[in-house]
Amino acid sequence: MNGAMRLLAIFLALFALSPAAAQNALPGGFVFLRDVAPGIAQEMRYATADNFTGHPLPGYGGRECVLRRAVAQALAHVEADLAREHLSLKVYDCYRPQRATRAMLAWARDGKADGNKRFYPTLDKRTLFSGYISAHSAHSTGTAVDLTLVPLAGAQSPAHSGASGATTVDRRDGPCTAPAAQRAPDTSLDMGTGFDCFDDRSHTRSGAITPAQRRARETLGAAMRKHGFRNYFREWWHFSYGATPAQVYDFPIPARR
């Protein structure tokens with residue numbers, strides 16, 4: 001087959017894709033976590049209004065965890081190990097389009113008194129890009145994940161619905177640093193703070209948490225380290241896998257059909 005014929009064959013193959021297949025297409029090397037480890041619960045916060053900005057972020061067209069294949073496979077191994085302790089995982093964020101990171105930074109610097117203060121109860125939002133929000137996130141390489149522990153029998157999260165990101169469950173509005181009974185409902189073990197809590201108590205080795213909360217963090221950290229993940233010391237929920245590649249991506253997360 002000559003060059004022209006080969007190009008024509010590729011062109012025709014692309015147009016032969018069904019709408020569903022095209023909708024679910026990802027760049028090479030990326031996978032939906034659901035296709036590798038369907039037992040891991042997903043509560044993709046940035047696809048909803050339930051995050052510190054108070055709005056869904058751009059690029060999150062689907063509420064799906066997308067990762068590099070090796071990262072997803074490593075998480076499947078973590079899940080298998082935790083099952084022996086009657087525990088599982090729940091992810092809050094995985095691959096993050098670079099446009100979403102830019103939107104976070106723009107929000108933090110826009111001078112407006114908005115956002116969801118329960119995620120940063122003691123801070124001014126203008127300070128959040130110093131140590132918490134980065135202009136260059138490993139999430140945008142597909143090698144970082146935000147996650148927590150859940151009981152194996154109750155791994156599924158409260159449902160979200162609506163394109164606006166509004167939730168269908170009653171949301172307690174205590175700060176993320178409050179006791180678990182006062183924080184927004186979650187299916188996770190009590191890790192001492194909620195996810196995306198911009199506070200010193202979120203530091204993995206914080207001395208301001210209870211022994212039980214510390215044990216939960218240590219269980220998560222040990223399970224993740226065993227399979228090649230490393231934790232970010234300011235966020236008990238954030239882990240990166242292997243050497244972070246230089247290339248970042250900005251493809252939108254598709255809504256699966």
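The model shown is predicted, which means the values in this text are computed figures rather than measured ones.

This part takes up helix α6 (residues 211–226). In an α-helix, one turn spans 3.6 residues; hence positions three or four apart end up facing the same way. For α6, which comprises 16 residues, the first-to-last C-alpha distance of 22 Å matches the rise-based estimate of 22 Å (1.5 Å per residue) to within 8%. Restricting attention to buried positions, one finds in α6 the residues Gln 213, Ala 216, Arg 217, Leu 220, Gly 221, Ala 223 and Met 224. Taken end-on, α6 shows its buried residues confined to a sector of 165 degrees, consistent with a single buried face. Opposite the buried face of α6, by more than 90 degrees, sit the exposed residues Pro 211, Arg 215, Arg 225 and Lys 226. Just downstream of α6, Gly 228 is the residue with a positive phi angle, here 95 degrees.

Running from N to C, helix α4 (residues 69–83) and α6 point in directions that differ by 130 degrees, and their axes come no closer than 9 Å. In this view, α4 runs oblique relative to α6, as classed from their interaxial angle. Between α4 and α6 lies a crossing whose hand is right-handed. Contacts between α4 and α6 pair Leu 75, Val 78, Asp 81 and Leu 82 from the former with Thr 219, Ala 223, Met 224 and Lys 226 from the latter. Tallied by class, the residues present in the contact of α4 with α6 amount to five nonpolar, one polar and two charged.

This part takes up the sheet that holds strand β4 (residues 87–93). Taken in spatial order, the five strands make up an open sheet running β2-β4-β5-β7-β6, and their pairing is mixed. In the strand order of this sheet, the two ends are held by β2 (41–42) and β6 (229–232), each with one partner. Note that strand β5 (residues 144–151) and strand β7 (residues 235–241) share three bridges and pair antiparallel. Bridge assignment links Asp 146 to a residue of β7, and that residue is His 238. Seen against the sheet, α4 touches β4, β5, β6 and β7 and runs at an angle of roughly 145 degrees to β4. Against the sheet, α6 makes contact with β4, β5, β6 and β7, and its axis sits at roughly 125 degrees relative to β5, the strand it touches most.

Quick notes on the rules
Residues numbered from 1 in each chain as written. Predicted model: local features only at pLDDT ≥ 70, side-chain atom pairs only at ≥ 80, totals over all residues. Heavy atoms only, no water. Helix = DSSP H or I, 4+ residues; strand = E, 2+ residues; numbered from the N terminus. Expected span 1.5 Å × (residues − 1). Buried < 20%, exposed > 50% of the residue type's maximum accessible area, 1.4 Å probe, protein only. Arc of directions from axis to C-beta. Axes fitted to C-alpha atoms, helices over the stretch in contact; angles between N-to-C directions. Parallel < 35°, antiparallel > 145°, perpendicular 65-115°, else oblique. Left-handed = near helix turned anticlockwise from the far one by under 90°. Contact = heavy atoms within 4.5 Å. Nonpolar A, V, L, I, M, F, W, Y, C, P; charged D, E, K, R; others polar. Pairing = 2+ DSSP bridges.

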